[in-house]
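Notes for the structure review
Residues per chain are reported as follows:
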Amino acid sequence: MNIIITISITAFIVLYAGLFKAKKALLPLTVVGLLTALGFTAAAWNGNAVHFGMMQTDNFALAFSGVCIVGTLLIFLLTQNYFHAKSDNVAEYYTLILFALAGMIMMVSYKNMAMLFVGLEIMSVSLYILAGIRKKDFASNEASLKYFLMGAFSTGFLLFGITLIYGASGSFDLDKIQAYLVDNSKAISPIFYPGVILMMIGLCFKVGAAPFHFWTPDVYEGSPTLITTFMSTVVKTAGFAAFLRLFADAFAPLHDFWVAPLIVIVCITLFIGNVTALFQKNFKRMLAYSSISHAGYLLFSLVVIGANSQNSVLVYAAAYTFASIIAFAVLILVKQKTGSDSFESFNGLGKKNPLVALSLTVAMLSLAGIPLTAGFIGKYLMFLNVMGEYKMLLVAFAILNALVGFYYYFKVIVAVWFKDGAEVELSTPSQYKVVLAVSVAITLILGIYPAIILNLI
Amino acid sequence: MEQLLLLIFLPLAGAIITAFAGKSAKIVSTVISVVSLGLALFIACNFIPNATTQFEANLPWISDLGIRFHAGIDGISMLVVLLTNLLIPIIILSSYKHDYKNPAAFYALILFMQTGLLLVFTAMDAFLFYIGWEAALIPIYFICAFWGGKDRIRINMKFFVYTIAGSLFMLMGIIYLYLQNPANNFEIQAFYALNLDSAQQGWIFWAFFIAFAIKMPIFPFHTWQPDTYTAAPTQGTMLLSGIMLKMGIYGVIRWLLPIVPAGVQDWSCLAMILSIIGIVYASLIAFTQKDAKRLVAYSSIAHVGLISAGIFALNQQGLQGAMVQMLSHGINVVGLFFVLDIIFSRTKTNKIEELGGIAKAAPQLAIVFLIVVLGTVALPGTNGFIGEFLLLMGVYNYGIWAAAIAGLTIIFGAVYMLRMYQNVMLGKTNELTITFTDIQGTEKLVLYIICALIIVLGVYPKPLLHLTEASVQHLLEQVNQKLTSVK
């Protein structure tokens, strides 16, 4: 509870600071607020408190809150000179991102489906505005409108699902729903099943899983890069946590029912994400499609729900978040210099900026899932879970997709190191250096010694 | 235990130091690789040649997943560890005449790769083995793609995707074995003790075999190899052919045979046929090669074909031969590629028909090149002979027909290697080779060392055979015991 309050209050303070034109104070204020929230997260560890029957800050919620807060913090550090160059109303950016974060904390710690809905909406509405915040930019407007329409549509699915489930079980509470399923395992109301499917569709929309992914590439490409970073990392992580909380917990007794459509979704998501990413000429769009394929791997954790599911999602989401933050940070730097986000603008980056290029390489290796990076451990855990049920074909399919993934991630590495390009020297602000260093360190540490995170939940 | 950890991680530490050494990277990396050679020799001297695993290091790593840092050395590992630590300094020395851009990165990657290779060769934990397997691949990819020749990007991408495809299926096999293992760990001994039925053994055989076959490479998984060898910088080619392909052979001996002997037995006929096809096919292609580097690349496929045939014969001679030949092939092929590199650096070509008469201008090079070639064609008295003899004996015990065809490798090899030697070194000098300067400095040093090894190991191979004998025997006993228990 403290976490949400802290974040919300920070958001208001930042908004007022903006009103009084205290531009210099915005970032320090936000960082202090987020660090306080992180402190509260750590303090609540192992507490497992239930707040008014609506939210439960168990370790699962706290771990994911931690990832979201740290991810947001890193993204805030990337704002140096970024928003200032784009708009006068910098405070609004900060505030909206903070509100979205507050919504996400609700999404990862809800105990009652009403809170899921409220959290999701707080997050989504903030993101609709953020996507379109470049008022005069056509692509940004398009992104915002698309995101809004699709988002509203998916919220409709979700809400309808919640209604049907309430109609069947008589409660919004996750534990009560689970109890209903267990007690009436022979006579579950027929309207419960469509409820589950509708909620699955609604959440798949939010996390960008195929075939509900059509909004992702356009929205990711059109939004300001920093907002894209936020959407494809932190927001996605929160979305998966919400997904997992619902399906691995409340709907677990119905696993046999919803696993079949889920496997179909996983396969389509992996295939579409990877194969389309392969043909992209634009780095940002490639990342957008690759984020779809990562959603596919993340959904693996739901195919087999076991003791390890939650941990593996946490590891995977963390690995993916930090690697993506590196990738987007470098993209911002490159775009500032060259004005383009195509693969060609990365050519020859390694010659003049070896450290930036090295960070990007680590990120790509991690996204591709090469050992000694966090991405490998994430993929390994996913495969391990699914192999545990001997779904060999599914794993083989995922492996083939991972191979496709190698191909396009290595295209970046090839461009950076082996191609000759303009050899521009990037101006890397100090905060970017911090973000890159921290993210690379996390990626490598999680890859070499993942024991520190494996037992977290 | 400390010695082994030092052995494995000294190159890694060296890689980090080298990365920041700037211009002096060459010297720093040489010193480090020589020190690790000394360390390997020290370990070899203290190694008791019996079937036990020695210098074991067994530390907790990722306990929640049953993964331990468990490494150790037995006779089979000892040989390849020696090979690795012997060849790395030779390879680094062989690069002295080159002025690579970014030398710090170049030498750091070589040393990083050494750690990966040593992990593969000493791992007693399947997960650790896999990590080493990939950790060796990443640096060689960068070495070949950054410092390689023309069209290097496409070629290396093919190489990379090929090998990683194999290793991912191996990972699937490893996870499967882990799930079957009641002890919930990746210990090699626990995997040996698993009781799998023949259907399970069959598919695990394939999951592992493809990974190893791609690495070696065995026909028809070899298509990446000639291009990659040709496009890579010489040191990259040496690393690939001298050490890296031994990962595949070592993997078969260490992991494939004892874990799924029934699978091996069921499919050994096919593996044998593939190996023999590889021998004949690669030899025939080698005949027609115009580029000496490509010729050596194909000859390497032929030699590896014989090694794998010897292994799948599943008898003492075949396995012993494979062990010895791994070392010999590593030394010889590095020598061959080095000579070709010297020729290329002076004449800017490796086309056989454009060269000729170098022997007159460079008599010393002619002599050492001849010794290396003779070692490669397995002349008695050179190191190649012992290995090929044992291998053929092993294949003969498997089936006369197999030995008859596999024996062609020696005849074919002699023909194309000697013809290559003749066309390059003998005959008339032309305007390209008239100004050829003889070998000097580090070139001399490296080639003399290689020639000395070829002759010494050829005349007195006993310590080598002695080193591996007990372990190989123990391995075969294990395999046979398991085979009888399956039935």
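Per an unreviewed UniProt entry, the recorded name for chain B is NADH-quinone oxidoreductase subunit M, and the organism is Pedobacter agri. Looking at the Sequence similarities (unreviewed entry) heading of the UniProt record, one finds this comment for chain B: "Belongs to the complex I subunit 4 family."

For chain A, the name recorded in an unreviewed UniProt entry is NADH-quinone oxidoreductase subunit N, with Pedobacter agri as its organism. Under the heading Sequence similarities (unreviewed entry), UniProt records this for chain A: "Belongs to the complex I subunit 2 family." Listed in UniProt under the heading Subunit (unreviewed entry), the comment for chain A reads: "NDH-1 is composed of 14 different subunits. Subunits NuoA, H, J, K, L, M, N constitute the membrane sector of the complex."

Topic: the environment of threonine 10 of chain A
Residue and element names in this part refer to chain A. Considering the arrangement of structural elements, one finds threonine 10 in helix H1 (residues 2–19). On the basis of relative accessibility, which here comes to 8%, the residue threonine 10 falls in the buried class. Each C-alpha atom of the pair threonine 10 and methionine 55 lies 21 Å from the other, and the pair is 45 residues apart in sequence. Contact partners of threonine 10, with chain neighbours within four places excluded, come to Leu29, Thr30, Gly33 and Leu98.

A closer look at the interface of chain A and chain B
At the junction of the two partners, chain A supplies 34 residues and chain B supplies 33 residues. Buried area between chain A and chain B, both sides added, is near 3100 Å², and the carbon and sulfur share of it is 86%. Joining chain A to chain B, the criterion identifies 2 residue pairs in polar contact (both at pLDDT 80 or more). Within the residue set of the side of chain A that touches chain B, elements represented by two or more residues are helix H17 (374–388), helix H18 (392–418) and helix H20 (451–454) of chain A. Ranked by the residues each element gives to the side of chain A that touches chain B, the list is headed by H18 of chain A, at 15 residues. Of the residues assigned to the side of chain A that touches chain B, the class counts are 29 nonpolar, 3 polar and 2 charged.

Some thoughts on unusual backbone geometry
Along the chain, alanine 210 of chain A connects to proline 211 of chain A via a cis peptide bond; the corresponding omega equals 0°. One can find proline 211 of chain A in the loop between helix H9 (192–207) and helix H10 (215–222). Between methionine 216 of chain B and the following residue, proline 217 of chain B, the backbone shows a cis peptide bond with an omega angle of -5°. Mapped onto the fold, proline 217 of chain B is located in the loop between helix H8 (198–215) and helix H9 (225–231). Look at leucine 372 of chain A: it is not a glycine, yet its phi comes out positive at around 75°. Of the residues examined, leucine 372 of chain A reaches a relative accessible area of 23% and is grouped as partly exposed. A positive phi angle, near 55°, is found at leucine 314 of chain B, a position not held by glycine. Along the chain, leucine 314 of chain B falls in the loop between helix H12 (292–312) and helix H13 (316–347).

Quick look at H17 of chain A
All names here are of chain A. Between its terminal C-alpha atoms H17 stretches 21 Å, which fits the 21 Å expected from 15 residues at 1.5 Å a residue. For H17, the tally of buried residues reaches 14 of 15 residues, placing the bulk of the element in the interior. Of the residues flanking the end of H17, it is tyrosine 390, one or two places downstream, whose phi is positive at about 60°.

Here's the deal with the side chain of threonine 18 of chain B
Residues and elements named next belong to chain B. Position of threonine 18 relative to the elements: it lies in helix H1 (residues 2–19). Accessibility expressed as a relative area gives 0% for threonine 18, which makes it buried. From its side chain, threonine 18 meets the backbone oxygen of glycine 14 in a polar contact 2.5 Å long. For threonine 18, the contacting residues outside a window of four places in its chain are Ala25, Val28, Ser29, Ile32, Ala104, Tyr107, Ala108 and Leu111.

Some thoughts on the UniProt feature "domain: NADH:quinone oxidoreductase/Mrp antiporter transmembrane" (unreviewed entry) in chain A
The UniProt feature table records "domain: NADH:quinone oxidoreductase/Mrp antiporter transmembrane" (unreviewed entry) at residues 112–401 of chain A. In this annotation, residues 112–401 of chain A is assigned 79% helix and 0% strand; the end-to-end C-alpha distance for the span is 36 Å.

Observations regarding the packing of H1 of chain A against helix H2 (residues 23–43) of chain A
All names here are of chain A. With their axes 9 Å apart at the nearest point, H1 and H2 run at an angle of 175° to one another. If you check the angle between H1 and H2, you find them roughly antiparallel. Between H1, through Asn2, Ile3, Thr6, Ile7, Thr10, Ile13, Val14, Ala17 and Gly18, and H2, the contact on the second element is made entirely by Leu26, Leu29, Thr30, Gly33, Thr36, Ala37, Phe40 and Thr41. A class-by-class count of the residues in the contact of H1 with H2 yields 9 nonpolar, 8 polar and no charged.

Cut-offs used in this document
Residues numbered from 1 in each chain as written. Chains lettered and ligands numbered in written order. Predicted model: local features only at pLDDT ≥ 70, side-chain atom pairs only at ≥ 80, totals over all residues. Heavy atoms only, no water. UniProt positions renumbered as here; feature names shortened; annotations may be inferred. Helix = DSSP H or I, 4+ residues; strand = E, 2+ residues; numbered from the N terminus. Buried < 20%, exposed > 50% of the residue type's maximum accessible area, 1.4 Å probe, protein only. Contact = heavy atoms within 4.5 Å. Buried area = accessible area lost by both parts, 1.4 Å probe. Polar contact = N/O pair within 3.5 Å; in protein donor to acceptor, adjacent residues only side chain to side chain. Nonpolar A, V, L, I, M, F, W, Y, C, P; charged D, E, K, R; others polar. Expected span 1.5 Å × (residues − 1). Axes fitted to C-alpha atoms, helices over the stretch in contact; angles between N-to-C directions. Parallel < 35°, antiparallel > 145°, perpendicular 65-115°, else oblique.

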